[in-house]
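Coordinate analysis (summary)
Take a look at the letters that make up each chain.
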Amino acid sequence: MAPRRVRLALALGLLVPTLTACFEEPAPHEAIRDFLVGWESGDFAMAARRADADEASVRKALGDAGLHLDAASLRFKLLSITRDGDTAKASFQAEVDLGENNPLWTYDSMLPLHLVDGRWKVRWSPSVIHPDLHEGQRLAVKVDPQGRQPIIDRFGDTLQDEDTQYVAQVIPVQLSDPARLCQELAKVTGFAQDRLLSRILSAPPTDAVPLATFGRAKFNQIKTQLDRIDGLQIVDVKPPVAPKSPVQIVGRVSAVTAESEQQLGGPQRAGDTVGRDGLQRAYQDQLTGSTETRVIVLDTKTWETVKELKSWPGRKNTPVRTTIDSRLQRAADLAVAGTQPVALVAVDAPTGQVLAVSTKDLNQEKDALAGKFPAGTTFSIIATEALLKAGLDVGQKIPCTADRTVGGARFQQTGVTSSAPTFEADFAHGCVTALASMARRVDEGALADSAAAFGIGAPWGLPLSSFSGTVPAGTTDAARAKIIAGSSVRVSPLAMALVAGAVRAGTWHPPTLVTAPSSPDPTPETIPKPPAPRPLDAGIAAELRSLMRAGVATGSARAAAAPGDPVYGVASTVTYVEKKERSQLSWFVGWQGDVAVAVMMRGADPAGASSVAGAFFSGTRKDF
C-alpha cells in the first residue's frame, strides 16, 4: 500500500474527533492520541497501554523522564502521520518547561507504530522519549550557577569582604532514601519538599547538589537538626559578600531562604544570594546573572555524559563599578567617628561622581543621599548667585544685627561681630539677619532659576533613593527671606555637596554613583534620565569662589582649614521643628582641590560640621 501522509496544523486535543470519524479501517490515530495525551497529562498507564512493551516498564520510563528533566510541564504538537501498511510513523514536537525560569526546551521526535493483534501499538524503546536516548541511558539536567559578582570601587578594588556561609548538599548516588531526606530538610528549613527532591532526581547522580545555604547565625541555630539528617553534607564556603564601607550604599547580602525564594519567584537555587538593600539589591539580577543549564544524556553504569542535547548559557553576571574612592571613604569614616550624629558626602567637583558617603548614627542612603533637611545659610551660595545677577556689590555694607523682621518673618543672629560689615563678611559668617534682609533685592523667579542652575529639584536618576531638594514659592518678602536664609528649603547632604562642586568647577553636574553597568535592574518605578550639566556664569562663579574662600579664611568655617590646597566653604547652624520637636543642625559646604563636600551634623555646635570637614580634608593626605 502506498504511504499516506496526513499533515496536521491543529493541536492534538482538537485533532482526533475529526480524524476518527474519517477512518473506517483500523488507523493509528487513536493510539497516537492515547499515548501522547497520556504522556502529557501524567496518565502514564494510558500511554503504556498503547505501547508494545511491558506496561510497568513503560510507565516508569515515562515518569522517570519527567523527573530527570525536573519538568514543570510537557506538551506535544503532532506534526504528521505516515502509514505504510501495518506500520506507521507519527512525527511530533515536544515542548518541555524545565522549570525554575529556564527556557523552554523543544525538540522533534517520532513515534514508530505497528499493528499488534489488530491494534495499533507504539514500538517502544527509549528513543521514543528522545531520538538520542538509548538503552542503559537516562536524561539529566546539569546546572552551573555563577558566583555572585562583586561591587567594586572606582579603581576596581572590591567593596566586600569574605563571609562564611554553610551549604547543605547531597551526592544523589550515595542516598538510600532521597524522599525522606528532603522531607526532613524541608521541616528544618521551610523549603518546599518537592522542589528539593526534584533537584536531586534531575541532577547527575555523582554531582554535588546544593539544597540550602545558611548564614552563620542561622546555621548555628539549626546545626544540631541538620546533623541528624542522614546523607546530608555541610560545606562551608567564603563568598565575598560582607559589605565594606560605605556599608549602607554597598548593601547587605543574605542566602536565599524559603521566604525570599517565594518573594523573588525567579531561578533562585541553593547557594544563590539575595541583595537586601543598597546597590546589592538594586543590581541583584546583574550581580547574580542566571544559571547555565544543560540537558544531557548519561550512561547509567558509569554516570558519564554521553551527549549534550541542549544548553542555555544563561545571562552573564557582571561586577558593579562604583565611583567610590576607598581611600577617601576611609578618611571620611575616620572624620565622622566619635562625633554627634553626622553625615558627610564627598563628590568629584569636575564630574559629580560620588567619592565617599560616611555617617555616624545616620543612614547613608536615607539621610546622606535622600534626607530632607533645612540648609540654613549655606543655601545663601545659591541665593547669592541670584543676587549677583541682580547687580549686588559684595563690598556693600549690609548691617548684621542680632534681630531682624522681614515681611513679618523674624530672624535672629548670635555672635554679631560688627554692626556694619560688608556683604562679603555677612556671607563668610553666615549672618542670617543680613542675608534675610536681601529679600527685596531679588524676585521669586530669579531665586527659582538659581536653584535650578544648581540642580535643586532636578531628577537625578541614581540607582538608590536620593533627594535633590525643594524650594517653596517666594511670592512674598517673608518667603524669599526664608529661602535666602535656608530655613524653608529642604536639601540632602548630597545636593549641597554638588552645589559646592558646581562653584568649584564652574558647572553643576548631576551625581553619579555607578559607572557600569549603565542601568540597574528594571523596577516598577521608572528611573529618570539624569539632566545635562549646567554651566554657571564664569564671572559669578569666580565671585562665589572668592566669597567661599573668605568663609574659611576669616569666617565661621575656619575649623575646616587643613594642610594642602586652600579650603573653601561656608558654615551655618539652623533650628527647625522635626516631629513636633525642635532640632538643630550644623552645616559645612565647601571643597579642597577637586573634592567637594557637604557635612551635616545634629547639634548646636556652630563649628561641629566644619571640624569634621577639616578632619576629612586632613585625612585625605594620609596613606591608608
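Residues numbered from 1 in each chain as written. Predicted model: local features only at pLDDT ≥ 70, side-chain atom pairs only at ≥ 80, totals over all residues. Heavy atoms only, no water.

Across its full length, the chain carries 21 helices and 27 strands. Taken against the 2.2 N^0.38 rule, which gives 25 Å for 624 residues, the C-alpha radius of gyration of the chain at 35 Å runs more than 25% over that of a compact globule. With respect to the three principal axes, the spread of C-alpha positions in the chain is 120 × 55 × 40 Å. Evaluated residue by residue, the chain yields a buried proportion of 51% over its 624 residues. Long-range pairs, those at least 24 residues apart, make up 68% of the contacts in the chain between residues at least 6 apart in sequence. For the chain, the computed accessible surface area is about 27,200 Å², with 48% contributed by carbon and sulfur atoms. Distance from the positive charge centre (66 side chains) to the negative charge centre (67 side chains) of the chain: 4 Å. (Helix = DSSP H or I, 4+ residues; strand = E, 2+ residues; numbered from the N terminus. Rg over C-alpha atoms; globule rule 2.2 N^0.38 Å. Buried < 20%, exposed > 50% of the residue type's maximum accessible area, 1.4 Å probe, protein only. Contact = heavy atoms within 4.5 Å. Areas by Shrake-Rupley, 256 points an atom, 1.4 Å probe, with all protein chains shown as cover. Lys, Arg positive; Asp, Glu negative; His and termini not counted. Charge placed at Lys NZ, Arg CZ, Asp CG, Glu CD.)

Let's shift gears to the side chain of T323. Relative to the helices and strands, T323 is located in the loop between β17 (320–322) and α12 (326–336). We classify T323 as buried; its relative accessible area is 1%. Separated by 2.5 Å, the side chain of T323 and the backbone oxygen of V354 make a polar contact. For T323, the contacting residues outside a window of four places in its chain are R154, Q353, V354, L355, T512, L513, V514 and T515. (Polar contact = N/O pair within 3.5 Å; in protein donor to acceptor, adjacent residues only side chain to side chain.)

Spatially, β10-β9-β11 is the arrangement adopted by the 3 strands of the open sheet, whose pairing is antiparallel. Two strands bound the open sheet, and with one partner strand each, they are β10 (209–215) and β11 (233–237). Averaged over all pairs of adjacent strands, the angle between strand axes in this sheet comes to 30°, irrespective of strand direction. Pairing of strand β9 (residues 165–170) with β10 involves 6 bridges; the strand directions are antiparallel. Looking across to β10, one finds that A168 is bridged to A212. Helix α7 (residues 216–227) rests against β9, β10 and β11 of the sheet, and its axis sits at about 125° to β10. (Pairing = 2+ DSSP bridges. Axes fitted to C-alpha atoms, helices over the stretch in contact; angles between N-to-C directions.)

Residue placement: T189 occurs in helix α5 (residues 178–189). Owing to a relative accessible area of 14%, T189 belongs among the buried residues under this scheme. Separated by 2.8 Å, the side chain of T189 and the backbone oxygen of L185 make a polar contact. A polar contact is formed between the side chain of T189 and the backbone nitrogen of F191, at a distance of 3.2 Å.

Moving on to the pattern of salt bridges. Under the defined criterion, the tally for this structure stands at 19 salt bridges. With a shortest N-O distance of 3.1 Å, R50 and D34 are connected by a salt bridge. With a gap of 16 residues between them, R50 in the loop between α3 (44–48) and α4 (55–68) and D34 in helix α2 (residues 29–41) connect regions that are remote in the sequence. If you follow the salt bridges from partner to partner, you end up with E30, R33, D34 and R50 in one network. (Salt bridge = Lys/Arg side-chain N within 4 Å of Asp/Glu carboxyl O.)

Spanning 13 residues, α2 covers 18 Å between terminal C-alpha atoms, matching the ideal 18 Å at 1.5 Å per step. Of the positions making up α2, those classed as buried are H29, A31, I32, D34, F35, L36, G38 and W39. Immediately downstream of α2, the backbone of G42 shows phi near 90°, a positive value. (Expected span 1.5 Å × (residues − 1).)

To continue, consider the environment of V143. Of note, V143 is situated in strand β6 (residues 137–144). In this structure V143 comes out as partly exposed when scored by relative accessible area, which is 27%. In this structure, the C-alpha to C-alpha distance between V143 and T293, residues 150 residues apart in sequence, is 4.6 Å.

Right, let's talk about the packing of α5 against helix α6 (residues 193–202) for a bit. Closest axis-to-axis distance for the α5/α6 pair is 9 Å, and the angle between their directions is 140°. Between α5 and α6, the angle is such that the two are oblique. The handedness of the crossing between α5 and α6 is right-handed. Where α5 approaches α6, its residues P178, A179, L181, C182, Q183, L185 and A186 are matched on the opposing element by Q193, L196, L197 and I200. Partitioned by chemical class, the residues of the contact of α5 with α6 number 9 nonpolar, 2 polar and no charged. (Parallel < 35°, antiparallel > 145°, perpendicular 65-115°, else oblique. Left-handed = near helix turned anticlockwise from the far one by under 90°. Nonpolar A, V, L, I, M, F, W, Y, C, P; charged D, E, K, R; others polar.)

So, on to the state of the cysteines. According to the stated counting rule, one finds 1 disulfide in the structure shown. Covalent S-S linkage joins C400 and C431, the inter-sulfur distance amounting to 2.0 Å. Disulfide C400-C431: the torsion about the S-S bond is 105°, which places it as right-handed. Of this pair, C400 sits in the loop between α14 (380–389) and β20 (403–406) while C431 sits in the loop between α15 (423–429) and α16 (432–436), and the two are 31 residues apart along the sequence. (Disulfide = S-S within 2.5 Å.)

Judged by nonpolar contacts, the single largest core of 89 residues is most densely connected at F423, F454, L494, L513 and W587. Those residues in contact with F423 that sit more than four places away from it in its chain are T384, L387, L392, D393, V394, Q396, I398, L435, M438 and L547. Counting residues in hydrophobic clusters, the runner-up holds 38 residues, among them A48, A65, A90 and I129. (Core = buried A, V, L, I, M, F, W, Y, C linked by side-chain atoms within 4.5 Å.)

This part is about unusual backbone geometry. A cis amide bond, omega 0°, links S245 with the succeeding residue P246. Its place among the elements puts P246 in the loop between β12 (240–243) and α8 (247–250). At the junction of A516 and P517, the peptide bond is cis and its omega measures out at 0° in the coordinates. Relative to the assigned elements, P517 resides in the loop between β23 (514–516) and β24 (534–535). At D361, a position not held by glycine, the phi torsion is positive, near 60°. Its place among the elements puts D361 in the loop between β19 (354–360) and α13 (364–369). The phi angle at K579 is positive, at roughly 55°, despite the residue not being glycine. The class of K579 is exposed, set by a relative accessible area of 77%.

A residue-level look at the chain finds 92% of positions with pLDDT of 70 or above and a mean pLDDT of 91. Confidence over residues 1–25 falls short of pLDDT 50; this stretch has 32 contacts with residues more than four positions distant or in other chains. (pLDDT = per-residue confidence, 0-100.)

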